[in-house]
Amino acid sequence: TSCQAQQSTKELSAQPVPEPGNPIITDKYTADPAAIVHEDTVFLYVGHDEAEPGYGFYNLNEWLVYSSTDMVNWKEYDVPLKATDFEWASGDAWAAEVIEKDGKFYWYTTVTHAIIEGKAIGVAVSDSPTGPFKDARGSALVSNDMTKATDISWDDIDPTVFIDDDGQAYMFWGNTALYYSKLKDNMIELEGEIKTIDLPHFTEAPWLHKKNGYYYLSYAYKFPEKTAYAMATDIEGPYYFQDILNEVAGNTNTNHQAIIEYKGKDYFIYHTGVIPTQGGSFRRSVSIDYLYYNEDGTMKRVIMTTE
Ligand code: FUB
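For clarity, every value in this text was computed on a predicted model and none was experimentally measured. (Residues numbered from 1 in each chain as written. Predicted model: local features only at pLDDT ≥ 70, side-chain atom pairs only at ≥ 80, totals over all residues.)

**Considerations on the overall build of the chain**
Quick reminder of the rule: We count a stretch as a helix when DSSP gives it H or I for four or more residues in a row; a strand needs E for two or more, and each element gets its number in order from the N terminus. The globule rule is 2.2 Å times the number of residues to the power 0.38, and the radius of gyration it is compared with is taken over C-alpha atoms. Buried, partly exposed and exposed are defined by the number of other C-beta atoms within 10 Å of a residue's own C-beta, namely 20 or more, between the two limits, and 12 or fewer respectively, with C-beta atoms placed from the backbone. C-beta atoms are placed from the backbone for every residue, and two residues are taken to be in contact when these atoms lie within 7 Å.
A count of helices and strands for the chain gives one helix and 20 strands. Taken over the C-alpha trace, the chain has a radius of gyration of 19 Å; the compact-globule value for 307 residues is 19 Å, and the two agree within 12%. In terms of its C-alpha atoms, the chain occupies a principal-axis envelope of roughly 75 × 45 × 35 Å. Among the 307 residues that make up the chain, the fraction classed as buried is 43%. In the chain, 48% of the contacts between residues at least 6 apart in sequence involve partners at least 24 apart.

This is the structure in structure tokens:
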């Protein structure tokens, strides 16, 4: 009957989206994911891990961009940005994050400064989420001579940028010390002083997101790294430590997360070293799993899945 036909159509359209199979990219090694949703499409930004098997450190020279409308099928684009596109940098395409403002896409990146010792943060800009991106300043946005909370030269890494509901943009970053600063309206200059936030066992990889009035600061915790998180009701804190969000991911001593909501579901995007074969701490692969919140706003621990 027509009633039965209607019923079965409804059941079909109510099927959940397919479980994402992990890792999501298998033809190259990818690390340090960041993602945005723009016009109903997810854009995923990663570093390209190019270390040879057995090489015991990072070898990342470029970032890559992918898009998806179902979190399962990912389209790759031409290489949108390389570390040496910043003429003042000597290389090292470490963790980076893109944000959109007024139709422009700003990509905050970690690189090694060619003159000032240590890591530094650059910002590139494009009219499109897939690039091409160009250095927006011609100089570092943050370099090691500007931050003094640690003696290490790699404490200016892993920027995460967030625009609050009142339009004010903030950047959080760091290794060992967690720094943050406001950004000017032009998105390419800091505004005011650089401050710090104390979080237990903060290592690196901060990610800031907001949901239902809470600010969530997730970060790499201890080493080998788990992902932990703290919550606040004001972007500048105080942040209250909550819990471990994700355990050490298989076969890699780092972890690096992005958290997004897309088409009514929440996703935890991270990297592991497990797969494909010959993966490890310097040959990582981006994976995606569902993220679930409790009624009080806290987040449930992520269940990492493979194929
Ligand atoms: O990929 C290089 C570095 O490893 C990143 O900047 C850190 O977050 C860690 O994942």
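**Concerning the site of the ligand**
Here is the rule we go by: Residues are counted as near a molecule or strand when the C-beta atom, derived from backbone positions, lies within 6 Å of that molecule or strand. Throughout, the ten residues Ala, Val, Leu, Ile, Met, Phe, Trp, Tyr, Cys and Pro are labelled nonpolar, Asp, Glu, Lys and Arg are labelled charged, and all others, Gly among them, are labelled polar.
Every one of the 14 residues lining the ligand counts as a neighbour, but W94, A95, A205, T254 and H256 are closest to it. At the level of secondary structure, the elements contributing two or more residues to the shell around the ligand comprise β1 (29-38), β6 (89-101) and β14 (202-211). Class assignment for the residues of the shell around the ligand results in seven nonpolar, four polar and three charged.

**Looking at the environment of T305**
One can find T305 in the segment after β20 (285-290). We classify T305 as partly exposed; it has 13 C-beta atoms within 10 Å. In this structure, the C-alpha to C-alpha distance between T305 and D135, residues 170 residues apart in sequence, is 37 Å. Ignoring sequence-local partners within four residues, the contact set of T305 consists of N22 and D289.

**So, the sheet that holds strand β7 (residues 104-113)**
Note the cut-off: We treat two strands as partners when DSSP finds at least two bridges between them.
Strands sit in the order β6-β7-β8-β9 across an open sheet of four strands; the sheet is antiparallel. The two strands at the open ends of the sheet, each matched to only one other strand, are β6 and β9 (134-135). Where β6 and β7 come together, nine bridges link them in antiparallel fashion. Each bridged residue has a counterpart across the sheet, and for G91 the counterpart in β7 is T112.

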